[in-house]
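Each chain is listed here by its residues.
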Amino acid sequence: MNSVKLAPLLLIFVEVANQRSFTKAANKLGLSKSAISQQIKRLEETTGQQLLIRNTRGLVLTAVGEALLARSELFSEQLNMTLIELNSAKSQPSGSFKVSVPPFFEQHIVIPALKQLSLEFPKLQPEVLVTGKWQDLIEHNLDAAIFGGNIKDCSYRALSIGKVSEILIASPRYITQHGTLKDVEQLIEQQFIATPWQHGELQLFDNNQANKRQVKVTHHARVNTLATVLEMVLHDMGIAFFPEFLAQSHLANGRIIRVLPEVRGKAWHFYFLHQYKGEKPIHVTRFYQLFRHYFAKASL
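As a starting point, this report considers the structure included with it. (Residues numbered from 1 in each chain as written. Predicted model: local features only at pLDDT ≥ 70, side-chain atom pairs only at ≥ 80, totals over all residues. Heavy atoms only, no water.)

A word on the environment of P93
Stage number 1. Summarising the element assignment, P93 is placed in the loop between α4 (63-91) and β3 (95-101).
Stage number 2. A relative accessible area of 6% means that P93 is categorised as buried.
Stage number 3. Along the primary structure P93 and Q125 are separated by 32 residues, whereas in three dimensions their C-alpha atoms are 9.9 Å apart.
Stage number 4. Ignoring anything within four residues of it in the chain, the contact list for P93 reads F121, K123, L124, I282 and H283. (Helix = DSSP H or I, 4+ residues; strand = E, 2+ residues; numbered from the N terminus. Buried < 20%, exposed > 50% of the residue type's maximum accessible area, 1.4 Å probe, protein only. Contact = heavy atoms within 4.5 Å.)

Written as structure tokens, this is what we have:
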């Protein structure tokens, strides 16, 4: 019998030897008395030695049993120390913590969430992959991923974060130069700044996500980041479809204004993806909580 299969028998033997009773050992280990007896018999058969003598006063260790107890108690102590260390590591996670996030989430949501996570779990080493593309968790060795839209058919767990919708924005100077828009049909006449996921026909809804309309636009410029979109808008270069929560601070200080405030884009659902089947590691759960907190704060 190999050492892995022998280990449980030795732990039971240590308890029986210390208690000097099958009944007390069974109660301590949460097993039946007959199960304990069978395991001790199995250990004696494996070693080819009698370890215990049963008499009217209880159990007495043989000389071989005494020798085995001395060695097994050390093994038991080492195992307990290992379990303590594992529990400590569980409560204080360490090592790389790799997450994938969309390009426009890092500044006001991801970074504050990771800062707080690092304060609570200082042994973690955050690693952030910023991308708008689907990232397979296993293939890219990710602990978690933030993804918006339709999730691919996979076995990962998806926890809801919230929804993001886009609004039409422009600078006050641009509107002064080109005139105030009164109808969505006027968008075709505007200098529209587009991202790769925006096409020549926009899906527009009212503010209750009803009354869908398809409206054509002409792309005056195309860029691949929302930061560039915002800079172009701030420099009076056109109108853009922009995530509402990212526009809030600029709307508040008047650097941009909302165009056609009665319409908005489709609300995209964002999810927190992880691959854990049972209970999530404590730091993964905490990052999800922090991410939702800062997402809700940014969306106000």
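That shown, we press on.
Digging into the nonpolar core
Stage number 1. Residues F105, F287 and F291 are the most contacted members of the largest nonpolar core, which totals 43 residues.
Stage number 2. Among the elements that line this core, the one with the most residues is helix α9 (residues 282-299), at eight residues.
Stage number 3. In this view, F291 contacts F105, I109, V110, A113, I146 and I161; residues no more than four positions away in its chain are not counted.
Stage number 4. If you look at the next biggest cluster of nonpolar residues, it comprises 19 residues, including L10, V16, A17 and L51. (Core = buried A, V, L, I, M, F, W, Y, C linked by side-chain atoms within 4.5 Å.)

Here's the deal with the pattern of salt bridges
Stage number 1. According to the stated counting rule, one finds six salt bridges in the structure shown.
Stage number 2. Here E15 ties to K28 by a salt bridge, and the two come within 3.4 Å at their closest N and O atoms. Here E15 is found in helix α1 (residues 3-19), whereas its partner K28 is found in helix α2 (residues 22-29), with 13 residues between them in sequence.
Stage number 3. Residue E15 is classed as buried on the basis of its relative accessible area of 15%.
Stage number 4. In this structure K28 comes out as exposed when scored by relative accessible area, which is 55%.
Stage number 5. Its salt-bridge partner being R264, residue E244 comes within 2.7 Å of it at the nearest N-O pair. You can see E244 sitting in helix α8 (residues 244-252) and its partner R264 sitting in strand β14 (residues 263-264), a full 20 residues away along the chain. (Salt bridge = Lys/Arg side-chain N within 4 Å of Asp/Glu carboxyl O.)

Digging into the sheet that holds strand β9 (residues 201-206)
Stage number 1. If you trace the three strands from one edge of the open sheet to the other, you get β10-β9-β14, paired in antiparallel fashion. One side of each edge strand has no neighbouring strand; the edge strands of this open sheet are β10 (213-216) and β14. (Pairing = 2+ DSSP bridges.)

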